[in-house]
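In case you want the letters, here they are:
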Amino acid sequence: MRCPCTSGDTYDGCCGPILSGAIAAPTAVRLMRSRFTAFATGDAEHLLRSWHPSTRPAGIDLDPDIRWTRLDILDTVAGGPFDAEGFVEFKAFFREDGAPGSMRERSRFVRENRTWLYLDGRLDV
């Protein structure tokens, strides 16, 4: 099965091991891809686990009527395995009630104790 993040890789070779906790995302962009996959598969636990405690909500209610269909990575700044911070700009596509839609965000990630975490994002950049 292809990974929902549209990397072109299989789920088991891409986001699957990150969502299961078997491996940590090595870069901010890999964490971004895993978070998109979590939205696509309804994995709220991964979304919360990968969110920085300073900005993490108490819970997440995922809308089952939204089907996430594609992720385009538009830009990355830093976010490598030796960086402390990184930015990933993306456009995510979805279908809601049969109608197509999209959202664009510039997400900020921080790396603490060798773990990448989503900090916050600015929509419609």
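Each remark here, short or long, concerns the structure printed above.
Residues numbered from 1 in each chain as written. Predicted model: local features only at pLDDT ≥ 70, side-chain atom pairs only at ≥ 80, totals over all residues. Heavy atoms only, no water.

Q: Could you give an account of the pattern of salt bridges, naming the residues involved and the relevant values?
A: Taken as a whole, this structure holds six salt bridges when the rule is applied. Through salt bridges with shared partners, a single network forms among Asp75, Glu89, Arg104 and Arg106. (Salt bridge = Lys/Arg side-chain N within 4 Å of Asp/Glu carboxyl O.)

Q: Describe the sheet that holds strand β2 (residues 85-96), listing the residues and the values that go with them.
A: Here four strands make up an open sheet; going across it, the order is β1-β2-β3-β4 and the pairing antiparallel. At either margin of the open sheet sits one strand with a lone partner, and together these are β1 (66-78) and β4 (115-123). Taken pair by pair, the neighbouring strands of this sheet meet at an average axis angle of 30°, ignoring direction. In this sheet, β2 lies alongside β1 in antiparallel orientation, the contact comprising 11 bridges. Counted as the bridge partner of Thr76 is Val88 from β2. (Pairing = 2+ DSSP bridges. Helix = DSSP H or I, 4+ residues; strand = E, 2+ residues; numbered from the N terminus. Axes fitted to C-alpha atoms, helices over the stretch in contact; angles between N-to-C directions.)

Q: Before we move on, can you summarise helix α2 (residues 28-41) with the specific residues and values?
A: With 14 residues, α2 ought to run about 20 Å at 1.5 Å a step, and its terminal C-alpha atoms sit 20 Å apart, in line with that. Against the buried residues of α2 lie α1 (16-20), α3 (44-49), β1, β2, β3 (99-112) and β4. A positive backbone phi angle near 75° is found at Gly42, which sits one or two residues after α2. (Expected span 1.5 Å × (residues − 1). Contact = heavy atoms within 4.5 Å.)

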